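# Structure at a glance
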Amino acid sequence: MKIGIANDHGGVEVKEELIKYLVILGYQITNYGTDDEAPVDYPLYAFKLGEAIEKKEIEAGILICKSGIGMSIAANKVKGVRCAKVETKEDAIVTREHNHSNVIALSANIDIEKTKEIVRSFLETPYSNEERHIRRVQMIDTYDN
């Protein structure tokens, strides 16, 4: 599976640890984030990853900033992205199953072992094929205000 990972200056260390971990698990990783801790504008990195999802260059994405909130908001502006800000393994599983999320946003402040568990749960959880979940995701995908 091809995974994209992006971060701002607050998520450099977490990204580096996650890349090592995901490579060991056998994932192909594309880095869309900054490798520098100098302040950057997080939306630019969320958009890069989101556009890779839209173009089907990657199958799933991971975003990291201090809170995860800003990255999530920015990524959801890109057509075809369903990004959830998650804090627990359970959040990761539910957003993948019920919402068919293809991107998660994480806080760089979460313990790295917990972060690894969240990411692994997200990537290993399949989308639900239940009609109610499919119907709801289609409603979100087709809404245009």
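The coordinates are above.
What comes next concerns the included structure. (Residues numbered from 1 in each chain as written. Predicted model: local features only at pLDDT ≥ 70, side-chain atom pairs only at ≥ 80, totals over all residues. Heavy atoms only, no water.)

## Quick notes on helix α2 (residues 42–54)
Here α2 contains 13 residues, and its C-alpha end-to-end distance of 18 Å stays within 8% of the 18 Å for a straight helix at 1.5 Å per residue. By the burial criterion, the buried members of α2 are Tyr45, Ala46, Leu49, Gly50, Ala52 and Ile53. Angularly, the buried residues of α2 cover 155 degrees about the axis, an arc narrow enough to put them on a single face. Looking at the buried residues of α2, the elements they touch are β1 (2–7), β3 (60–65), α3 (69–75) and β5 (103–107). (Helix = DSSP H or I, 4+ residues; strand = E, 2+ residues; numbered from the N terminus. Expected span 1.5 Å × (residues − 1). Buried < 20%, exposed > 50% of the residue type's maximum accessible area, 1.4 Å probe, protein only. Arc of directions from axis to C-beta. Contact = heavy atoms within 4.5 Å.)

## Quick look at the environment of Ile140
With respect to the helices and strands, the residue Ile140 is situated in helix α6 (residues 131–142). Sequence separation between Ile140 and Asn99 is 41 residues; the distance between their C-alpha atoms is 9.3 Å.

## Quick word on a negative patch on the surface
A cluster of acidic residues, Glu13, Glu16, Asp36 and Glu37, forms a negative patch on the protein surface. Structurally, Glu13 is set in helix α1 (residues 12–24). (Patch = residues over 30% accessible without salt bridge, like charges linked within 9 Å, V, L, I, M, F, W, Y side chains within 5 Å. Areas by Shrake-Rupley, 256 points an atom, 1.4 Å probe, with all protein chains shown as cover. Salt bridge = Lys/Arg side-chain N within 4 Å of Asp/Glu carboxyl O. Lys, Arg positive; Asp, Glu negative; His and termini not counted. Charge placed at Lys NZ, Arg CZ, Asp CG, Glu CD.)

## Some thoughts on the state of the cysteines
Counted under the stated rule, the structure contains 0 disulfides. No disulfide involves Cys65; its sulfur sits 9.6 Å from that of Cys83, the nearest cysteine. The class of Cys65 is buried, set by a relative accessible area of 4%. Judged by relative accessible area, which is 10%, Cys83 ranks as buried. (Disulfide = S-S within 2.5 Å.)

## A few points about the pattern of salt bridges
Per the counting criterion, the structure on display carries 8 salt bridges. One salt bridge connects Lys20 with Glu17, and the closest N-O pair in it is separated by 3.5 Å. Taken as a pair, Lys20 and Glu17 lie in helix α1 at a separation of 3 residues, close to a single helical turn. In this structure Lys20 comes out as exposed when scored by relative accessible area, which is 52%.

## Focus on the environment of Cys65
Its location among the elements puts Cys65 in strand β3. Considering only alpha carbons, one finds Cys65 and Val14, 51 residues apart in sequence, at a separation of 9.2 Å.

## Description of the sheet that holds β5
Strand order in the open sheet formed by 5 strands is β2-β1-β3-β5-β4, with parallel pairing between adjacent strands. Where the open sheet ends on each side, the last strands, each with one partner, are β2 (28–31) and β4 (83–85). With strand direction ignored, the average angle separating the axes of adjacent strands in the sheet is 20 degrees. Bridge count between β1 and β2: 4 bridges; the pairing is parallel. Considered in β2, the bridge of Ile3 is made with Ile29. (Pairing = 2+ DSSP bridges. Axes fitted to C-alpha atoms, helices over the stretch in contact; angles between N-to-C directions.)

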